[in-house]
Structure formats: structure tokens, C-alpha cells
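# Coordinates in review
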Amino acid sequence: MTHPRLLECSFLIPLVRDSHLSDGQPHDPDLWEWLDDEVLWRFGGRTLDLGRFEGFYLDPDTGEKVFDVSRKYVVAVPEDRLDELRALLSVASFSFAQKCIYLSIAGQVEFIEGPSHGQRE
Amino acid sequence: MARENSYTDRKGRVYGLATLAADELELICRLQTYSKSHPDWTKYSNYWMPELTKFGDSRGITRRELTETAAYRIAQDLGSRLAIAQGYARPSDYRSELETLIHTKFRTQREFCNATGLSEDMLSHVLAKRKNLSMDALTEALAQIGYTIHITPMSEMN
């Protein structure tokens, strides 16, 4: 029996909600608990990078420079289940009130958008 | 927190400790001792999950079953308390709990509104803190999806 290759995936979850989509405030702790449950159920666990991830991006909607600080999750994902991670992060993008989530799959970067920004309010 | 033979989480849920197996109780005590040393939230997060998966593996239970154990729920609660204390998360209120429920159990606010009978307009106003739901309206709406409200002493939550 052959096992699918495991790929190192990392993603960044900003510590606060997007100030344009939402109120720029820290998240409810229930959301962090929910994300831990999901990665544990689906992928067996996660490691959090102890570093503080500060960065910025140009908001495509406003053209403004947006600074953020994030938590970095590292998860080993079977190659044939990458879409499951993308789907989870799409929900997380909505839940954590982000325009998108930065995802790196074995060094290749993707930006995962939420399923429906327009339905937030 | 732990009081005699029970642990009350920040939502007021009480976990009886007296009937737990020795290994689970020992794990909870270890997690409490560690969290009391005020580690950084992320450092604690990296501590508790491997400890819990080791515990789950020793019992031969699935990851999903593991998340239903008292040890897992208490481990997470201790982490959330650290996150709040260190400013990484905000204390929950009924609006944030409602929002988390919507985002994690429903695909859209519309789906939540259809299930609970609340109007989308009203929900938007409530989440934006422009309006409040009456206790009766909230209780009735939550009952439609199998949830309820309860009153918890504040001293148990801190």
C-alpha cells in the first residue's frame, strides 16, 4: 500500500479582523478553537511558528497599504487532500473576516479567498 | 477554573474531574500548572496539542473523539484564557458567540437566518451593535437550531 506524499503547508491567520470587511478587532477565542479542531480532525495536528509575522499588502479594493500581524500554522497535508485544506481556509477567510488567506504549499504561494465576502453584511 | 473536583470553563460549562481516569486527570493538572506559568499563548498552543494527541493515541480514540474529552476541552479553554489575557483575543460576548456560530456552522448569514427565523436585516444590525435582540427572540431563534442561552457566574469565567 502506498501512502500519498505529505506536503508542508503553512498559512497565516491575521490576529485581527480586516478593518474594511469588519471592525479590525481581535477574534473571538472560539474561532481559534474551531480552527484547531478542524486541523486536528482533518490533518492530525499542527505546529505554530513561534515567530511574530508582521507584513503588509496593498488592499485591492482601497489601494491602501494594510499592515497586519499573523499567526503562522504549519500542517503536513497529503498531496491528494490539498483541496480540503484550501476549502477549510476559504471558510476560515470568511470566519476570521479576511479578504484572503496566505497559503504556502511546499514553497508555492496561493491566496485563498472566502466563499462570499458580499454576504458578510 | 479548577475548583475541588470540577473545572468551569469560560463559558460556564462544568467538567467533573472526580470520575476521570488517573492519566486524564494528571494531564489536566500538568496543563493547568504550565498555563499558570503564563507562557506565551502560541508556546502554550504548541505544548497542549501534542500532549493531547499523545493522550488520544494511548487510548486508541479517533481525533474527533479526542476533541470530546474533558482534557481536550480544558486544554483549549486554558489556551483561550491565555489568549484573552495576553490581548490576542477578545472576551466573548453574545454577539461574538453568535457570529462564531454563524461562521463555523453555516455557510452564509442567510442560511443561518433561514434556519433560525431571524431576518437578515435584524441580524446585520445586531452584529454591528446597532440593535439588540430581546432574550425571548434570541432564545426562540437559537432553539430552532438546537442551541440555548444560560447564565454563568462571572467569577467562574475569569
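Nothing here was measured: the structure is a model prediction, and the numbers come from that model.

The next point concerns the overall build of chain B. Within chain B, the regular secondary structure consists of 9 helices and 3 strands. For chain B, the N- to C-terminal ordering of α and β elements is β-β-β-α-α-α-α-α-α-α-α-α. Principal-axis analysis of the C-alpha atoms places the extent of chain B at approximately 50 × 30 × 30 Å. Split into buried and exposed, the 158 residues of chain B put 28% on the buried side. Look at the contacts in chain B between residues 6 or more apart in sequence, and 51% of them connect residues 24 or more apart.

Helix and strand counts for chain A stand at 2 helices and 6 strands. Counted from the first residue to the last, chain A has its helices and strands arranged as β-α-β-β-β-α-β-β. Here the C-alpha atoms of chain A give a radius of gyration of 15 Å, agreeing with the 14 Å that 2.2 N^0.38 yields for 121 residues. Taken along its principal axes, the extent of the C-alpha atoms in chain A is 50 × 30 × 25 Å. Counting over 121 residues, chain A shows a buried share of 33%. In chain A, of all internal contacts separated by at least 6 residues, the share reaching a separation of at least 24 is 62%.

A few words on the packing of helix α2 (residues 41-59) of chain B against helix α4 (residues 70-85) of chain B. Residue and element names in this part refer to chain B. At a closest axis distance of 10 Å, the pairing of α2 and α4 adopts a crossing angle of 180°. Classified by the angle between their axes, α2 and α4 sit roughly antiparallel to one another. Counted together, W41, Y44, S45, W48, L52 and F55 of α2 and A71, Y72, A75, G79, L82 and A83 of α4 form the full contact between these two elements. Here the residues of the contact of α2 with α4 are counted per class, giving 10 nonpolar, 2 polar and no charged.

Looking now at the domain arrangement of chain B. For chain B, the assigned domains read domain 1 (2-85) and domain 2 (94-157). For domain 1 of chain B and domain 2 of chain B, the distance between their C-alpha centroids amounts to 27 Å.

Looking now at the confidence of the model for chain B. Residue and element names in this part refer to chain B. Model confidence for chain B is summarised by a mean pLDDT of 90, while 94% of its residues fall at 70 or above. Of all secondary-structure elements in chain B, the lowest mean pLDDT belongs to strand β1 (residues 2-3), at 50, while α4 reaches the highest, 97. The complex model carries a pTM of 0.86, and its ipTM stands at 0.87.

Taken residue by residue, the interface counts 28 residues in chain A and 29 residues in chain B. Elements with a contribution of two residues or more to the side of chain A that touches chain B: α1 (29-43), β2 (47-48) and α2 (82-95) of chain A. Partitioning the side of chain A that touches chain B into residue classes produces 12 nonpolar, 8 polar and 8 charged.

Take the confidence of the model for chain A next. All names here are of chain A. Mean pLDDT for chain A: 90, with 94% of residues reaching 70 or above. For chain A, strand β3 (residues 53-58) is the element with the lowest average pLDDT, namely 89, and strand β1 (residues 6-14) is the one with the highest, namely 97. Here residues 117-121 is modelled with pLDDT under 50, and outside its nearest four sequence neighbours on either side it reaches 9 contacts, counting other chains as well.

Once that is clear, we can look at α4(B). Residue and element names in this part refer to chain B. If you check α4, its first and last C-alpha atoms are 22 Å apart, about what 16 residues at 1.5 Å a residue would give, namely 22 Å. Counting buried residues in α4 gives 13 out of 16 residues, a clear majority hidden from the surface. With its phi angle positive at about 80°, G87 sits one or two positions after the end of α4.

The rules behind these values
Residues numbered from 1 in each chain as written. Chains lettered and ligands numbered in written order. Predicted model: local features only at pLDDT ≥ 70, side-chain atom pairs only at ≥ 80, totals over all residues. Helix = DSSP H or I, 4+ residues; strand = E, 2+ residues; numbered from the N terminus. Buried ≥ 20, exposed ≤ 12 C-beta atoms within 10 Å, placed from the backbone. Contact = placed C-beta atoms within 7 Å. Rg over C-alpha atoms; globule rule 2.2 N^0.38 Å. Axes fitted to C-alpha atoms, helices over the stretch in contact; angles between N-to-C directions. Parallel < 35°, antiparallel > 145°, perpendicular 65-115°, else oblique. Nonpolar A, V, L, I, M, F, W, Y, C, P; charged D, E, K, R; others polar. Domains from an automatic or database assignment. pLDDT = per-residue confidence, 0-100. Expected span 1.5 Å × (residues − 1).

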